[in-house]
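So you can see what is in the structure, the chains are spelled out below.
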Amino acid sequence: MGAHSAIWQGYVDSSLMGSGQFDKAAILSHDFSGVEASSPGFTISQEEITGLAAAFRDTGYAMQHGFHIGGEKFLAIKADERSLYGKKGKEGAIVVRAVSCIMVGHHTEAVQTTNAAAAIEKGTLDIGSHHGDVTRELADCEEEIAEEDEEAVELDQEARERPAQEDEEDSANKGSGAFEFLAAREESERFFKADYQSQPDEEQDLEVG
């Protein structure tokens, strides 16, 4: 779970499931790009999310054709640019847009749709009143993620540079060894040359003697 989703999961657990009005709940991205957090076992497909976005754009169509959530179709009893209320028998689904997310709640037949709607509308208002805090939390998370990414890039760069540095050191060591070898060979050649040049003088001394 990402840092953003962890924040939204807290709202699902406290504001939605904690209200006692829903058996399933979720929070969607404000731009309908996906699910940010949900209660266990509550799955909303991307196709259904796209359908919700279309329902908010064309509320008349939503009232006529309903909408789908969690593999179930709900008949719309309310549809405007902020809220969608749906019924399937005595069960219901409430979808409400907040400033920075979309809240979704499903209630059983034991719960009145009006009570469920009041709970989720209050949840979106709570997010609206704390929008600055939520925005700061999300910004802090983004900053932490950016710092972690930057650190990972630096470590990767260091790992890439290390073999090159080691190769340069090996080359330098090999070059130093070669110079030492050449110097030793030159010294040896000078020694043998000097020894060879001294041999005629020694032979001449022997002849004179």
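Each chain carries its own residue numbering, running from 1 in the written order of its sequence. Predicted model: local features are reported for residues with pLDDT of at least 70 only, side-chain atom pairs are reported and counted for 80 or more only, and whole-chain, interface and lining totals are derived from all residues. Only hydrogens and water are set aside when side-chain values are computed; all heavy atoms of the structure are taken into account.

*Asks:* What's the story with the sheet that holds strand 4 (residues 72-79) in this structure? I'm lost.
*Replies:* The strands that make up a sheet pair up through hydrogen bonds in the backbone, lying either parallel or antiparallel. One bridge is not enough; two strands pair if DSSP finds at least two bridges between them. Strands here mean DSSP runs of E at least two residues long; helices mean DSSP runs of H or I at least four residues long; both are numbered from the N terminus. In spatial order, the strands read 2-1-7-6-5-4-3; together these 7 strands make up an open sheet with antiparallel pairing. This sheet does not close on itself; its edge strands, each paired only once, are strand 2 (35-38) and strand 3 (67-69). The average angle at which neighbouring strand axes cross in this sheet is 25 degrees, direction not considered. Contact definition: two residues touch when any of their heavy atoms are within 4.5 Å. For helices, the fitted line uses only the C-alpha atoms of the stretch in contact; every axis is such a line through C-alpha atoms, and the angle between N-to-C directions lies from 0 to 180 degrees. Set on the sheet, helix 2 (residues 46-57) makes contact with strand 1 (24-29), strand 2, strand 3, strand 4, strand 5 (83-88) and strand 6 (91-97); between it and strand 3 the angle comes to about 145 degrees.

*Asks:* It is not clear to me how the packing of aromatic side chains should be interpreted in this structure. Could you clarify?
*Replies:* Describing an aromatic ring pair means giving the distance of the ring centres and the angle of the ring planes. Classification of ring pairs rests on two measures: the distance between centres of Phe, Tyr or Trp rings, Trp counted by its six-membered ring, which must be within 6.5 Å, and the angle between planes, read as stacked under 30 degrees, edge-to-face over 60 and tilted in between. The full count for this structure, using the stated rule, is 3 aromatic pairs. Arranged with centres 6.1 Å apart and planes meeting at 25 degrees, the rings of Phe 67 and Phe 74 form a pair that is stacked. Sitting above the plane of the Phe 56 ring, Arg 97 keeps its charged end 5.2 Å from the centroid. In our convention, an over-ring charge means Lys NZ or Arg CZ found within 6 Å of a ring centre and within 35 degrees of that ring's normal.

*Asks:* Hey, could you run me through the pairing of strand 2 in this one?
*Replies:* The side chains of a regular strand alternate between both faces of the sheet. Pairing of strand 1 with strand 2 involves 3 bridges; the strand directions are antiparallel. Bridge pairing links Ala 26 to Ser 38 in strand 2. The antiparallel hairpin formed by strand 1 and strand 2 contains 5 residues in its connecting segment, where Phe 32 sits at a positive phi of about 60 degrees.

*Asks:* I keep staring at the side chain of Ser 83 and nothing clicks. Help me out?
*Replies:* Relative to the helices and strands, Ser 83 resides in strand 5. Judged by its relative accessible area of 1%, Ser 83 falls in the buried class. For this analysis, a polar contact is any N or O atom pair within 3.5 Å, provided that within protein one partner can donate a hydrogen and the other can accept it, and provided that sequence-adjacent residues contribute only side-chain to side-chain pairs. Among the polar contacts listed, one links the side chain of Ser 83 to the side chain of Glu 121, at a separation of 2.8 Å. Categorising residues by exposure relies on relative accessible area from a 1.4 Å probe, with only protein chains included: less than 20% of the type maximum marks a residue as buried, more than 50% marks it as exposed, and the intermediate range marks it as partly exposed.

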